[in-house]
Number of protein chains: 2
Amino acid sequence: MTALIGIDWGTTSFRAWRMGAEGKVLEAVGDGPGILAAGALPGGFRQALQDRIGGWLDGAPVIASGMITSRNGWVETPYLPLPLDAAALADSLTLHDGIHFVTGAVSDPDGPAPDVMRGEETEIIGHLAGGGADGLFVLPGTHSKWARARGGRITAFRTVMTGEVFAVLRDHSILGRLIQPGPGDEDAFRRGVEAGWQDGALLGRIFSARTLALLDRLAPQDIADYLSGLLIGDEVAQGARDAGGPVTIIGRGDLAARYRIALDMMGIAAVIAPPGMARRGLWEIARIKGLS
Amino acid sequence: MTALIGIDWGTTSFRAWRMGAEGKVLEAVGDGPGILAAGALPGGFRQALQDRIGGWLDGAPVIASGMITSRNGWVETPYLPLPLDAAALADSLTLHDGIHFVTGAVSDPDGPAPDVMRGEETEIIGHLAGGGADGLFVLPGTHSKWARARGGRITAFRTVMTGEVFAVLRDHSILGRLIQPGPGDEDAFRRGVEAGWQDGALLGRIFSARTLALLDRLAPQDIADYLSGLLIGDEVAQGARDAGGPVTIIGRGDLAARYRIALDMMGIAAVIAPPGMARRGLWEIARIKGLS
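Residues numbered from 1 in each chain as written. Chains lettered and ligands numbered in written order. Predicted model: local features only at pLDDT ≥ 70, side-chain atom pairs only at ≥ 80, totals over all residues. Heavy atoms only, no water.

**Quick word on the packing of aromatic side chains**
All names here are of chain A. The criterion, for reference: Aromatic contacts are taken between Phe, Tyr and Trp rings whose centres are within 6.5 Å, Trp giving its six-membered ring; a plane angle under 30 degrees counts as stacked, one over 60 as edge-to-face, and the others as tilted. The numbering of helices and of strands both runs from the N terminus, where a helix is a DSSP run of H or I of at least 4 residues and a strand a run of E of at least 2. Only protein chains enter the accessibility calculation, which uses a 1.4 Å probe; a residue is then buried when its area is under 20% of its type maximum, exposed when over 50%, and partly exposed in between. Lysine NZ or arginine CZ positioned within 6 Å of the ring centre and within 35 degrees of the ring normal marks a charge as sitting over the ring.
Taken as a whole and assessed by the stated rule, the structure comprises 10 aromatic pairs over all chains. When the ring of tryptophan 9 is compared with that of tryptophan 74, the centres are 6.2 Å apart and the planes differ by 85°; the resulting orientation is edge-to-face. Taken as a pair, tryptophan 9 in strand β1 (residues 4–9) and tryptophan 74 in the loop between β4 (62–65) and β5 (80–81) lie far apart in primary sequence, 65 residues in all. The pair tryptophan 9 / tryptophan 74 is uniform in exposure class, with both members buried. Relative to tryptophan 74, the ring of phenylalanine 45 has its centre 5.9 Å away and its plane inclined at 20°; by these criteria the two rings are stacked. Remark: tryptophan 74 occurs in the loop between β4 and β5 and phenylalanine 45 occurs in helix α2 (residues 44–53); sequence separation between them is 29 residues. Members of the aromatic cluster, connected to one another through ring pairs, are Trp9, Phe14, Phe45, Trp74 and Phe101. Its guanidinium or amino end placed over the ring of tyrosine 79, arginine 118 lies 4.1 Å from that ring's centre, counting from NZ or CZ.

Shown next as structure tokens:
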């Protein structure tokens with residue numbers, strides 16, 4: 001018996017869960033089309049949903065979060081201001097084409113550097129709903145998010161474009177020209193992290209990925225790991241400066257491990273949250289709304 | 001009567017001067033092929049030289065500086081260590097195919113962040129040879145150089161990849177997607193400079209070029225100027241932090257003007273050097289060597 005279908009639908013990713021009583025996972029899908037791919041299908045998002053999880057759709061409520069509510073998504077929804085908790089997200093669900101869409105958040109909308117997110121708020125809410133502590137969070141990715149929660153509410157966040165900038169520098173700048181593929185080297189990554197937390201303009205420090213290689217002090221197959229470490233090191237040094245406690249990493253695999261290494265190197269306690277935060281957040285929002 | 005032919009030969013630029021007594025310019029060429037284009041010609045660099053200034057080559061000495069001495073240039077020459085003056089450059093000229101090549105400089109070759117340049121050292125020497133003061137210099141470009149001179153010698157420098165990073169972000173990242181071409185807007189540039197000198201991770205602050213536009217607080221035709229200001233603002237805030245006196249900008253046109261605006265906004269005195277620093281540096285090095 002399906003109690004709720006939850007979807008975390010991002011720009012290039014689609015994960016969905018069929019949940020039973022108390023949010024127990026009955027089935028899961030991890031490889032559906034992101035909104036860029038799904039939006040390009042002849043039948044659009046509806047077809048993507050039918051193709052991927054059509055067999056689940058038996059009248060149970062469906063809830064979705066992520067970039068699916070952005071301008072290029074299924075329906076564009078407004079951003080909610082901070083501070084933000086699960087109840088505010090439940091109150092603001094947008095019912096459209098039979099799906100309950102969780103909206104995103106905006107930080108400092110009238111200030112000099114406003115910021116937005118769609119999807120990460122649900123993961124943080126999932127962490128808090130599961131009894132996770134307040135504090136500082138990092139959600140690594142193409143666009144990393146650093147967020148703070150106090151008293152069960154998200155009170156601040158900041159986007160850092162580390163993943164995307166790494167990719168464009170590797171693929172389109174002079175720093176990529178000397179790169180050769182390698183097996184991945186943690187020492188090179190750590191060396192980059194040390195360069196990443198130094199003083200001085202970041203766009204000066206990244207040039208060392210070229211000069212060290214030109215001077216035969218960095219092997220071509222280590223340049224990418226060094227550059228990754230340098231960018232993550234700069235991000236972490238700034239993001240965790242006023243951590244005031246352990247940093248919770250919400251993420252998976254190699255990328256989450258890289259952030260933990262960088263935090264460890266700077267002497268900042270870090271824990272990687274267990275998987276399932278997005279699903280758990282969707283369940284919590286639906287529960288408050290009375291959907292499940 | 002030709003006393004010296006000087007060439008400033010960069011990756012994408014070629015400027016040459018036919019000089020008479022005391023370095024007086026008799027003829028000048030500003031639009032020859034850079035080393036990428038020249039190196040691809042069937043006859044290579046020799047043909048490029050013949051095509052562009054063949055009529056000048058009557059036996060007078062020829063001196064050249066810039067990326068033409070890099071791995072992809074006419075001849076690869078070693079880097080000279082700091083501190084560096086005109087005499088050291090004159091002592092290290094490399095005579096190859098009848099041309100005297102000025103070599104580049106290396107900073108901190110054994111330290112954690114070594115740096116290199118080829119060509120800018122000659123421009124700074126030109127400034128000093130003309131009676132210009134010591135102090136802090138910025139040479140804006142694809143890869144800006146910040147250099148310090150004391151007692152007529154270059155004592156330190158740092159490369160900052162501002163120009164190239166601006167171009168790859170504009171052309172290949174999400175920040176470019178909302179950009180529309182515009183006439184150039186100084187207010188948007190100044191607004192970017194203010195965001196550029198703030199605290200926090202640079203790769204976080206640049207995301208405001210997207211969020212401000214998403215929230216209709218930055219016009220699509222102003223995004224590029226805002227992003228340019230943000231990157232230059234970050235560079236200048238870090239580069240001129242310990243200026244201890246006026247900053248000399250060695251550069252031309254719109255780009256030099258942008259750096260002056262950013263320095264002015266931060267309350268740091270700045271002067272744009274008169275044109276001709278590369279030619280003057282080439283003359284000085286040749287004079288010390290006894291070529292002219």
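**A few points about the environment of Ala90(B)**
Residue position: Ala90(B) is located in helix α3 (residues 86–91). Residues Ala90(B) and Leu282(B) lie 192 residues apart in sequence; the distance between their C-alpha atoms is 9.5 Å.

**Concerning the nonpolar core**
Condition: Here, nonpolar core refers to any group of buried Ala, Val, Leu, Ile, Met, Phe, Trp, Tyr and Cys residues whose side-chain atoms link them within 4.5 Å.
Within the largest apolar cluster, 92 residues are counted, with the highest numbers of intra-cluster contacts made by Leu169(A), Ile206(A), Val247(A), Leu169(B), Ile206(B) and Val247(B). Per-element accounting of this core gives the leading share, eight residues, to helix α9 (residues 223–239) of chain A.

**Re the sheet that holds strand β6 (residues 94–96) of chain B**
Residue and element names in this part refer to chain B. The following threshold applies: Strand pairing requires that DSSP identify at least two bridges connecting the strands. In this description, a line fitted to the C-alpha atoms serves as the axis of each element, helices being fitted only across the stretch in contact, and the angle between N-to-C directions of two axes falls anywhere from 0 to 180 degrees. We call two residues in contact when some of their heavy atoms are within 4.5 Å.
Strand order in the open sheet formed by six strands is β3-β2-β1-β4-β7-β6, and the pairing between neighbours is mixed. In this open sheet, the two edge strands, each paired with only one partner strand, are β3 (25–29) and β6. Mean inter-strand twist for the sheet, computed between neighbouring axes without regard to direction, equals 20°. Across the sheet, helix α2 (residues 44–53) lies against β1 (4–9), β2 (14–19), β3 and β7 (99–101), angled at about 120° from β1, the strand it touches most.

**Digging into the relation of the copies chain B and chain A**
Applied cut-off: The least-squares superposition of copies is restricted to C-alpha atoms, and to residues with a pLDDT of at least 70 in both copies.
For the pair chain B and chain A, the best superposition has an RMSD of 0.0 Å and corresponds to a rotation of 180° with a translation of 0.0 Å parallel to the axis. Both chain copies can therefore be described as sitting about a two-fold axis. Residue Val168(B) of chain B places its C-alpha closer to the rotation axis than any other residue of that unit, at 3.3 Å.

**Details of the interface of chain B and chain A**
We apply this condition: Summed over both partners, buried area is the accessible surface (1.4 Å probe) that two parts give up on being assembled. Criterion for a salt bridge: a side-chain nitrogen of Lys or Arg within 4 Å of a carboxyl oxygen of Asp or Glu.
Contact residues are listed per partner, giving 44 residues for chain B and 45 residues for chain A. When chain B packs against chain A, close to 3600 Å² is buried across both sides, 68% of that on carbon and sulfur atoms. The largest per-residue losses of area from chain B upon contact with chain A belong to Met161(B), Leu203(B) and Phe207(B), which jointly make up 18% of the total buried on that side. For the pair chain B and chain A, the number of links is zero salt bridges.

**Here we look at the domain arrangement of chain A**
We count it as follows: Where each domain starts and ends follows an automatic or database-derived domain assignment.
In terms of domain boundaries, chain A breaks down into domain 1 (4–132 + 278–289) and domain 2 (162–272). Its C-alpha centre places domain 1 of chain A at a distance of 31 Å from the equivalent point of domain 2 of chain A.

**Comments concerning the sheet that holds strand β10 (residues 135–139) of chain B**
Residue and element names in this part refer to chain B. On the basis of which strands lie adjacent, the open sheet formed by five strands has the order β12-β11-β10-β13-β14 and mixed pairing. Looking at strand neighbours, the two that pair on one side only are β12 (153–160) and β14 (270–272), the edges of this open sheet. Averaged over all pairs of adjacent strands, the angle between their axes in this sheet comes to 25°, without regard to strand direction. Here five bridges tie β10 to strand β11 (residues 144–150), and the two strands are oriented antiparallel to one another. The partner of valine 138 across the bridge, within β11, is tryptophan 146.

**Side note on the packing of helix α5 (residues 162–172) of chain B against helix α9 (residues 223–239) of chain B**
Describing two packed helices takes the angle between their axes plus the distance from one axis to the other. All names here are of chain B. Rules: Working definition: roughly parallel below 35 degrees, roughly antiparallel above 145 degrees, roughly perpendicular at 65 to 115 degrees, and oblique for all remaining angles. For any pair of crossing helices, the crossing counts as left-handed if the nearer helix is rotated counterclockwise from the farther one by less than a right angle, and right-handed if it is rotated clockwise. Each residue is assigned to one of three groups, with Ala, Val, Leu, Ile, Met, Phe, Trp, Tyr, Cys and Pro labelled nonpolar, Asp, Glu, Lys and Arg labelled charged, and all others, Gly among them, labelled polar.
One can describe the packing of α5 onto α9 by two numbers: an axis separation of 10 Å at closest approach and a directional angle of 150°. Between α5 and α9, the angle falls in the class roughly antiparallel. α5 and α9 meet at a crossing whose hand is right-handed. Across the interface between the two elements, Thr162, Val165, Phe166 and Leu169 from α5 touch Ala224, Leu227, Ser228, Leu231, Ile232 and Glu235 from α9. A per-class count over the contact of α5 with α9 returns seven nonpolar, two polar and one charged.

**As for the pairing of strand β12 (residues 153–160) of chain A**
Consecutive side chains along a regular strand alternate between the two faces of the sheet. All names here are of chain A. Sheet topology places strand β11 (residues 144–150) next to β12; seven bridges connect them, and they run antiparallel. Bridging from a neighbouring strand, arginine 148 pairs with alanine 156 of β12. Connecting the antiparallel pair β11 and β12 is a turn made up of two residues, with glycine 151 showing a positive phi of about 60°.

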